[in-house]
Amino acid sequence: MPVPTEDSALLAAFEARIAAGESIEPKDWMPDRYRKQLTRMMSQHAHSEVVGMLPEGNWITRAPSLRRKLSLIAKVQDEAGHGLYIYCGTETLGVDRHELVEQLLDGRAKYSSIFNYPTLAWADMGVIGWLVDGAAIVNQTVLAKASYGPYARAMVRICKEENFHKRQGYEICTVLANGTPAQKAMLQESVNRFWWPALMMFGPSDTNSPNSAELLKWRVKRKTNDELRQRFVNLTVPQAIALGITLPDPDLRFNETTGDWDIGEIDWSEFHAVLKGNGPCNHERMAARRKAHDDGAWVRAAATAHAQKQQARKDTAAA
Ligand code: BYC
């Protein structure tokens, strides 16, 4: 019989706290794997928010009215804010933000597959708000109950803003759905392109999700990838019916027994190609992020110099 070590006692106490629904805070003891898993997931989430500004940023100068331009600018700015909250949350795990950004820029870190698809039409701004933010809300509402306090609290605030994003997206979709035949066709074409990539946002199916078991055990995740994907489908199909548009899945059927909308097979080869860097816009997105980082060097240098000057003033005053 193994002799209990100090660490196994700490682990048991940690797991008992999780089982009791307590929140884990930065200064609490946590297993290395918990810290590593959270750092991976939270930093990927932060990167997704930042890269996620690019597809929509592409349409700011071409929004069809001042009102649309204002709300799109505000939405893109919100995504930057979400990235910053989550980078701050990740730093509470003892990692440096510069290291995380380096991992993104040199290709070691992932970001959400969805942002490697192009935004080809104005309707994409509506469809991203409706489907992409809609999927994010389904995922993040559950993450707001994650066991790690700083992440869960960031999610509460982010979800409030994402709800607004989803509504502005769906409103764009309703206007196009009730517009001219060309506007309705533009909406349908956009939904045809974004439906399957939106379903892939929830990650691989449960039988192929290596991180899920550990994350579920420690209540970082509270639902599996497939459970969340199904919830999103069930919520979204009636919204598509209300818009009078078709979802591009010939196998989509209401299942009387389960009460779910059953979907056809997801093309996982496309998902894995995008993750490997071979999606339609991976190169463009990374090039844009690297350029933005290089262009921002002077801002970081000025902010660091300012902080050092403030510190020197404080030190002199304290001496
Ligand atoms: N894209 O074991 P699995 C937003 C990776 S931004 C890329 O199931 P896990 C918004 C996964 O990382 C929304 N990679 O992983 C912004 C893992 O690889 P590694 C972003 C993916 O962590 C602007 C491998 O596949 N949301 O809302 O248990 C405008 C195996 O997967 C993806 C978040 O980041 C993917 N879709 O579950 C509008 C939410 N899926 O790391 C909107 C937080 C999987 O082992 N993250 N991979 O090399 C999560 O909830 C979970 O991390 C995931 C994956 C459900 C994404």
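Our structure is the block above this text.
The notes below deal with the structure included here. Bear in mind the structure is a predicted one, so any value in this text is a computation, not a measurement.

**Points about the packing of helix α4 (residues 66-91) against helix α5 (residues 97-105)**
In contact at an axis separation of 9 Å, α4 and α5 are set at 120 degrees when each is read in the N-to-C sense. Only Arg97, Leu100 and Val101 of α5 make contact with α4, whose side of the interface consists of Leu84, Tyr87, Cys88, Thr90 and Glu91. In the contact of α4 with α5, the residues fall into 5 nonpolar, 1 polar and 2 charged.

**Quick notes on the layout of surface pockets**
Space inside the largest pocket adds up to approximately 1,000 Å³. Forming the boundary of the largest pocket are 46 residues, of which Gln44, Ser112, Met201, Phe202 and Gly203 lie nearest the centre. Every element with two or more residues in the lining of the largest pocket is listed here: α2 (32-51), α3 (53-57), α4, α6 (123-143), α7 (149-177), α9 (212-217), α10 (225-243) and α11 (268-278). Per element, the largest residue contribution to the lining of the largest pocket is 9 residues, and it comes from α6. Here the lining of the largest pocket is composed, by residue class, of 20 nonpolar, 15 polar and 11 charged.

**Here we look at the packing of aromatic side chains**
With the rule as written, the count across this model stands at 11 aromatic pairs. On the basis of an interplanar angle of 80 degrees and a centroid distance of 6.2 Å, the ring pair of Phe14 and Trp218 is categorised as edge-to-face. Taken together, the residues span a long stretch of sequence, with Phe14 in helix α1 (residues 6-19) and Trp218 in the loop between α9 and α10 at a distance of 204 residues. The residues Phe14 and Trp218 share a single accessibility class, namely buried. Look at Phe254 and Trp261: their rings are 5.4 Å apart centre to centre, the planes differ by 65 degrees, and that puts the pair in the edge-to-face class. Judged by its relative accessible area of 40%, Phe254 is partly exposed. Here the aromatic cluster, defined as three or more aromatic residues joined through ring pairs, consists of Phe14, Trp29, Tyr34, Tyr148 and Trp218.

**Some remarks on a positive patch on the surface**
Together, Lys145, Arg222, Lys223 and Arg231 give the surface a local cluster of positive charge. Looking at the element boundaries, Lys223 is found in the loop between α9 and α10.

**Overview of the pattern of salt bridges**
Two side chains with opposite charge may pair up if their charged atoms get near one another. Here the structure, examined in full by the defined rule, presents 18 salt bridges. Across the pair Arg97 and Glu91 runs a salt bridge, and its minimum N-O distance is 3.2 Å. Arg193 is the partner of Asp124 in a salt bridge, and the nearest nitrogen-oxygen pair spans 2.7 Å. Of this pair, Asp124 sits in helix α6 while Arg193 sits in helix α8 (residues 181-200), and the two are 69 residues apart along the sequence. Residues joined in a network through salt bridges with shared partners are Glu56, Lys75, Glu79 and Asp133.

**Re the nonpolar core**
Of all hydrophobic cores here, the largest spans 49 residues; its most connected members are Trp130, Leu131, Leu187, Trp195 and Phe232. For this core, the secondary-structure elements that each account for two or more residues are α6, α7, α8, α10 and α11. No other element matches the 10 residues that α6 contributes to this core. When residues no more than four places from it in sequence are discounted, the contact partners of Leu131 are Phe194, Trp195, Ala198, Phe232 and Thr236.

**Quick notes on the site of the ligand**
Lining the immediate surroundings of the ligand are 36 residues, of which Gln44, Lys110, Ser113, Ser209 and Lys221 lie closest. Here an oxygen atom of the ligand and a side-chain polar atom of Lys110 are 2.5 Å apart. For the ligand, an oxygen atom lies 3.0 Å from a polar atom in the side chain of Asn139. Protein coverage of the free-state accessible area of the ligand, which is 1,000 Å², stands at 90%. With respect to the pocket detection grid, the ligand is positioned in the largest pocket. Of all elements in the fold, only α2, α6, α7, α9 and α11 reach the threshold of two or more residues within the shell around the ligand. In terms of residue class, the shell around the ligand is made up of 15 nonpolar, 13 polar and 8 charged.

The rules behind the values
Residues numbered from 1 in each chain as written. Predicted model: local features only at pLDDT ≥ 70, side-chain atom pairs only at ≥ 80, totals over all residues. Heavy atoms only, no water. Axes fitted to C-alpha atoms, helices over the stretch in contact; angles between N-to-C directions. Helix = DSSP H or I, 4+ residues; strand = E, 2+ residues; numbered from the N terminus. Contact = heavy atoms within 4.5 Å. Nonpolar A, V, L, I, M, F, W, Y, C, P; charged D, E, K, R; others polar. 1 Å grid on protein atoms, 1.4 Å probe; cavity = no way out; pocket = protein on both sides within 12 Å on 5 of 7 lines; lining within 4 Å. Points joined across faces, edges and corners; volume = space filled by probe spheres on them. Phe/Tyr/Trp six-rings, centres within 6.5 Å; stacked < 30°, edge-to-face > 60°. Buried < 20%, exposed > 50% of the residue type's maximum accessible area, 1.4 Å probe, protein only. Patch = residues over 30% accessible without salt bridge, like charges linked within 9 Å, V, L, I, M, F, W, Y side chains within 5 Å. Areas by Shrake-Rupley, 256 points an atom, 1.4 Å probe, with all protein chains shown as cover. Salt bridge = Lys/Arg side-chain N within 4 Å of Asp/Glu carboxyl O. Lys, Arg positive; Asp, Glu negative; His and termini not counted. Charge placed at Lys NZ, Arg CZ, Asp CG, Glu CD. Core = buried A, V, L, I, M, F, W, Y, C linked by side-chain atoms within 4.5 Å. Near = heavy atom within 4 Å. Polar contact = N/O pair within 3.5 Å; in protein donor to acceptor, adjacent residues only side chain to side chain. Sits in = over half its atoms within 2 Å of the grid points.

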